[in-house]
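So you can see what is in the structure, the chains are spelled out below.
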Amino acid sequence: MTNTKAFILGCLATAAFTLSACDAGGGGGSRDSIRAVGSSTVYPFAKQVAESYARSNPDNKSPLIESTGTGGGIQLFCSKVGADSPDMANASRRMKLSEFERCMANGVEEVIELQVGLDGIAFASAAGGIELNLSPKIVYEALAANPYGEDQTAQNWSDVDSSLPDVPILVYGPPSTSGTRDALKELVLEVGCDTNPQMEELKEQDEDRHQQICTEVRSDGAYVDQGEQDNLIVQKIESNPRAIGVFGFSYLDENSDKVLGLPMNGVDPTYENISSFAYPGARPLYVYVKKAHMRAIPGLDAFLQEWVKSWSADGPLARIGMVASPPDKMAENERKVNELIVMTRADLTGEAESETEAASAS
């Protein structure tokens, strides 16, 4: 793409944005502050970056950060381009291909994807509470609605594994709209399910059925959906020594005086174990940005630079529980910010991109 063509397209995108912003009938209206929606796990990190941005840019309004859950945030983000839609979506899992295609269909055609750090799906109990040495297989058999396609009969942890305590299964965790729930399914439940050879075979024969059996969580009270409030999960397990909670590592780190991280496959959920991916629940965290909003929203470029300055291993985000990405990944994402490189369908599918996609990403 030539510089002239890029400039013209950028001007057209800004003009379309401004028209949308002025269209009162469409619920638009001008906006002079940054708006980000999405993951409750990424929320405290985004708030930290917003506070640093506000100190560095006193003439600009502080960004508005909303905790809507990853799925709900991406849905809002992909709804349209314009002042009445978010500039950014925070996500505790990668954007799905179906979400990317919805963005494209709704005119959100240039999306910048940034991996801002790492986190872990932590299982925890109250300090001095129940102690469990978990594995993906144990968690799956305890929480699945129909483990391996059979009726769920486990009531106590000892029903799942005789070495575990003879106390009722009670797990407080994220809702279905949460990226943490998606990561729980992908990194723990499905892995545990596939320890059964028949489930591996089913995956080849009927992927939808496999997905249902391996990721659907029981609804009989053993798993309690606590909403997009990870701090509330901490409070629940703190008040019940027999309960365990599921949330991002940062909340475990922040509340280490109140709760105890439970090992998975004998590996504790620590900064070092997540950084090395030795801990089974390690996962990347993402921020998505509309390139069309870069010139229209004051300070959005500076806000992205604030993310870059904050995500190092000795930066402010690490001090509140984020695990820094490997150096090569940080460098790659800094380049995306500096050059405004947009993601393509091929980034999500791993397929070879077309010449048109390659040109638009350059």
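Conventions adopted
Residues numbered from 1 in each chain as written. Predicted model: local features only at pLDDT ≥ 70, side-chain atom pairs only at ≥ 80, totals over all residues. Heavy atoms only, no water. Disulfide = S-S within 2.5 Å. Helix = DSSP H or I, 4+ residues; strand = E, 2+ residues; numbered from the N terminus. Polar contact = N/O pair within 3.5 Å; in protein donor to acceptor, adjacent residues only side chain to side chain. Contact = heavy atoms within 4.5 Å. Phe/Tyr/Trp six-rings, centres within 6.5 Å; stacked < 30°, edge-to-face > 60°. Lys NZ or Arg CZ within 6 Å of the ring centre and 35° of its normal. Core = buried A, V, L, I, M, F, W, Y, C linked by side-chain atoms within 4.5 Å. Buried < 20%, exposed > 50% of the residue type's maximum accessible area, 1.4 Å probe, protein only. Axes fitted to C-alpha atoms, helices over the stretch in contact; angles between N-to-C directions. Parallel < 35°, antiparallel > 145°, perpendicular 65-115°, else oblique. Left-handed = near helix turned anticlockwise from the far one by under 90°. Nonpolar A, V, L, I, M, F, W, Y, C, P; charged D, E, K, R; others polar. pLDDT = per-residue confidence, 0-100.

### Digging into the state of the cysteines
Evaluated as defined, the whole model comprises 2 disulfides. Sulfur-sulfur distance for the disulfide between cysteine 78 and cysteine 103 comes to 1.9 Å. The sign of the S-S torsion, about -75°, decides the handedness of the disulfide formed by cysteine 78 and cysteine 103: left-handed. With cysteine 78 in the loop between helix 3 (70-77) and strand 3 (88-91) and cysteine 103 in helix 4 (residues 97-105), this pair connects stretches of sequence that are 25 residues apart.

### Focus: the side chain of arginine 283
Position of arginine 283 among the secondary structure elements: in strand 9 (residues 282-290). From its side chain, arginine 283 meets the backbone oxygen of serine 92 in a polar contact 3.3 Å long. Within the structure, arginine 283 has its side chain in polar contact with the side chain of threonine 180 (distance 3.3 Å). Residue contacts for arginine 283: discarding those within four places in its chain leaves Thr41, Ser92, Gly117, Leu118, Asp119, Gly120, Ile121, Gly179, Thr180, Ala183, Leu187 and Gly248.

### Topic: the packing of aromatic side chains
Tallied over the entire structure, the rule returns 3 aromatic pairs. Plain terms: the ring middles of tyrosine 286 and tyrosine 288 are 6.0 Å apart, the flat faces sit at 25° to each other, and that makes the pair stacked. Between lysine 290 and the ring centre of phenylalanine 77, over which it is positioned, the NZ or CZ distance is 5.0 Å.

### A word on the nonpolar core
Burial of nonpolar side chains together is a common tendency in soluble globular proteins. Core analysis: the largest hydrophobic core is formed by 54 residues, its most contacted members being Phe123, Leu134, Trp157, Ile169, Ile244 and Phe247. Per-element accounting of this core gives the leading share, 6 residues, to helix 7 (residues 179-193). Core analysis: the next-biggest nonpolar cluster, separate from the first, contains 29 residues, Val42, Ile65, Phe303 and Trp311 among them.

### What about the environment of leucine 187?
Considering the arrangement of structural elements, one finds leucine 187 in helix 7. Along the primary structure leucine 187 and glycine 281 are separated by 94 residues, whereas in three dimensions their C-alpha atoms are 5.8 Å apart.

### Observations regarding the packing of helix 13 (residues 300-310) against helix 14 (residues 327-339)
How two helices pack is summed up by the angle between their axes together with the distance between the axes. Viewed as axis vectors pointing N to C, helix 13 and helix 14 meet at an angle of 165°, and their least axial separation amounts to 10 Å. Accordingly, the angle class assigned to the pair helix 13 and helix 14 is roughly antiparallel. Along this stretch, helix 13 crosses helix 14, giving a crossing that reads as left-handed. Of helix 14, the residues touching helix 13 (which contributes Leu304, Gln305 and Val308) are Glu334, Val337 and Asn338. Here the residues of the contact of helix 13 with helix 14 sort into 3 nonpolar, 2 polar and 1 charged.

### Focus on the confidence of the model for the chain
Summarising the model, the chain shows a mean pLDDT of 87, and 88% of its residues fall at 70 or more. Across the chain, element-level confidence peaks in helix 6 (residues 157-160) with a mean pLDDT of 98 and bottoms out in helix 1 (residues 3-22) with 43. Below a pLDDT of 50 lies the segment residues 1-29, which in the model reaches 31 contacts outside its immediate sequence neighbourhood of four places, other chains included. Contacts from residues 353-362, a stretch scored under 50 in pLDDT, to residues over four places away or in other chains number 13 contacts.

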